[in-house]
Amino acid sequence: MSTRTFREDVIKVKAGSSAPGQAQGPEPRVVELPPALTVKQLGEALGASPIEIIKQLMRNGVMAAINQVIDFDSAAIVAVDMGFEARRKAGTEKATGLLQQLLTETGDASQLEPRPPVVTIMGHVDHGKTTLLDTIRHSNLASREVGGITQHIGAYQIEYKSRPITFLDTPGHEAFTAMRARGAQITDIAILVVAADDGVMPQTREAADHARAANLPILVAINKIDKPGADAERVKRELAQIGLAPEGWGGNTVMVPISAKQGSGIDDLLETLLLMADMKELKANPSRPAIGAVIEARVDKSRGPTATVLVQHGTLKVGDNIVVGDTWGRVKALITDLGRRVREGLPGTPVEVLGLAQVPKAGDLLVAVPDEKTAKQIVDERLRQANLEKAVRRPLSLESILSDSKGAETKELLLIIKCDVQGSIEAIQASVQKVSSEKVRVRVLRSGTGSITESDVLLAIASKAVIIGFNSRPEPGAQRLAAQEGVEIRFYDIIYNLVADIEKALAGLLEPLVKEMLEGHAEVKAVFSGTKHIKVAGCLVKDGKLAQGATLVVLRSNKQVFKGVLSSLRRFKDDVHEVPAGTECGVILQGFNDFQVGDTLESFRIEAPDQASR
Ligand code: GDP
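Fair warning: this is a prediction, and the values are worked out from it, not measured in the lab.

Engineer: I keep staring at helix α5 (residues 129-139) and nothing clicks. Help me out?
Structural biologist: One turn of an α-helix holds 3.6 residues; hence residues three or four places apart share an orientation. Along α5, the residues that are buried comprise Lys129, Leu132, Leu133, Thr135, Ile136 and Arg137. Residues of α5 that are buried make contact with β7 (118-123), β8 (155-160), β9 (163-168), β10 (189-195) and α9 (266-280).

So this is what it looks like as structure tokens:
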């Protein structure tokens, strides 16, 4: 028996074990293995035939063919069983090794210098985010250039009391979380805008959750105080209820009343922002090679691929060779938000970069490297590795998240819970909190009523959380994104089952999730009475198909009202096996007699867990 510990870089044989084929000597042979490799490559590395490797994998419950890619954990188990000590090959490929070095080198502490804070403005729609950004920009233009606002590059810098502040120009938390999901942590402080005449709204709550999930300090701007219906005290009370208690009330959230439209309170807001930035002691080393993150990117007709990059460390210079995500380039020109060409971009500063081979993605990392050859080599290696890793990507699931955090002092299980009604949220929160122990903390990152949105899935990716749908279903976009990114959404309708699964996951006993494979959607166009008062839904299949034996979820206004097995599928009085998209059919659902015109039927095939992909 071997010890199986995920995310450990060295996997050894347990003392006293008697693995087959293992020499009982004290010094096992060391083998270095990459994060992903084929069965054949593993055979070569261990000097064994692929058949032997396949057999060993099967003994460990992994079914794999000779050319199939397996991950380090699976490969290491086999290696250990065959008498080796398996080590994770970390950046041993030349170019990638250099990249790692560039990313981790911090330089001398004496080289650190203060850098401007980077701020994101969030809040509910129409509460004044765009107006606030505009007002701040107009009244505090860097160097006050006349007619200077020429560029939209996704971020800009102002100067307030001779101190630069960088604002991300895409208000809203979705863009912010999308970047975080790609690994880019670029914001230092979030300004949460709440309209004084409207109060805390769903997106206010959502924005606060997203900012907290990223551990960002939140500065609240209570906006529109010029309006007759404005009631700042009410807003404060509502904010306190969502965990943002104002300073005077024993909390520590600073709230500044402003009118973005009239420009009042803006000085107070910026003053507070700078104080908060001072507390964070934001510093970076401008003397090292540049590291940055892409804020937005596009193809310009005359200039080719361009990307706005927030420089985070080092100084980005014209002529630098750079790797950006999966592409590379040589900086031809750097342009500021005021449309000025500059020779270099300092930490905390956004610049538009010209000279890339291809368009990168928002959230991609930029790194300056010594020469063009290295840049190309790194990108080649990355693409190769990414392809391999994609083949074995482990989904974000209740099971994998906990095993990934093994070894950490305190494990934490993060949940995003969406329910049909507010009452269930409170009951679920209370129940799952009770499951927390000293070793494993269960934390609800976000909870709310309604369907599961793309923003929930992004937050799950960014924070490594599991999504729980309690009588709640994902919106189509969210479902696609979750499937694409391998985010697990678990559905429940009984709190006891949910709590039991979490307990099992914590104890490492969770059975792999039974997969729901989406097959299609149909809309109920009419409802008929069949024999014995059974209701038949006359449906039009919108996409995919409906098939005998499928599990159907009945959705009404995007809320689940029933889930059961399709018991009869007919077309013109004939029983049929399946009905494709664009076709009408009659559906009877076991145990459900309450169809309404306009209901959506979501069809799934339940699949037993796939051992091979685990
Ligand atoms: P966003 O959706 O959060 O970006 O909101 P906008 O900035 O587009 O503002 C929505 C509406 O509220 C616009 O009509 C603004 O003119 C108005 N608005 C924004 N700030 C204020 C304010 O301080 N006072 C008043 N009276 N109206 C404001």
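Engineer: Any chance you could explain the pairing of strand β15 (residues 304-313) here in plain terms?
Structural biologist: For a regular strand, side chains alternate in direction, first toward one face of the sheet and then toward the other. When you tally the buried positions in β15, you get 9 out of 10 residues, the bulk of the element. As consecutive antiparallel partners, strand β14 (residues 291-300) and β15 are separated by 3 residues. Where β15 and strand β21 (residues 350-356) come together, 5 bridges link them in antiparallel fashion. Pairing of Thr308 across the sheet is with Glu352, part of β21.

Engineer: Please explain the confidence of the model for the protein as it appears in this structure.
Structural biologist: In low-pLDDT regions, the fine details of the predicted coordinates are not to be read closely. Residues with a pLDDT of 70 or more make up 83% of the protein, whose mean pLDDT is 81. When mean pLDDT is compared element by element in the protein, strand β16 (residues 316-317) scores highest at 97, while strand β1 (residues 10-11) scores lowest at 44. When the criterion is pLDDT under 50, residues 1-25 qualifies, and its contacts beyond four places in sequence or with other chains add up to 52 contacts. Taken as a whole, residues 609-614 scores under 50 in pLDDT and shows 9 contacts with residues more than four places along the chain or in a different chain.

Engineer: Is there a simple way to think about the site of the ligand in this case?
Structural biologist: Around the ligand, 15 residues are found, and the nearest of them are Asp126, Lys129, Thr130, Thr131 and Asp226. Gly128 places a polar main-chain atom, nitrogen or oxygen, 3.0 Å from an oxygen atom of the ligand. When the ligand is considered free in solution it has 580 Å² of accessible area, and contact with the protein chains removes 75% of it. With 3 residues, α5 is the single largest residue contributor to the shell around the ligand.

Engineer: Is there a simple way to think about helix α8 (residues 232-241) in this case?
Structural biologist: Those residues of α8 lying buried are Val235, Glu238 and Leu239. Angularly, the buried residues of α8 cover 100° about the axis, an arc narrow enough to put them on a single face. Where α8 is buried, its residues meet β10, β11 (218-223) and β12 (255-257). Following α8 by one or two positions, Gly243 has its phi on the positive side, about 90°.

Reading guide: rules and limits
Residues numbered from 1 in each chain as written. Predicted model: local features only at pLDDT ≥ 70, side-chain atom pairs only at ≥ 80, totals over all residues. Heavy atoms only, no water. Buried < 20%, exposed > 50% of the residue type's maximum accessible area, 1.4 Å probe, protein only. Helix = DSSP H or I, 4+ residues; strand = E, 2+ residues; numbered from the N terminus. Contact = heavy atoms within 4.5 Å. Pairing = 2+ DSSP bridges. pLDDT = per-residue confidence, 0-100. Near = heavy atom within 4 Å. Polar contact = N/O pair within 3.5 Å; in protein donor to acceptor, adjacent residues only side chain to side chain. Areas by Shrake-Rupley, 256 points an atom, 1.4 Å probe, with all protein chains shown as cover. Arc of directions from axis to C-beta.

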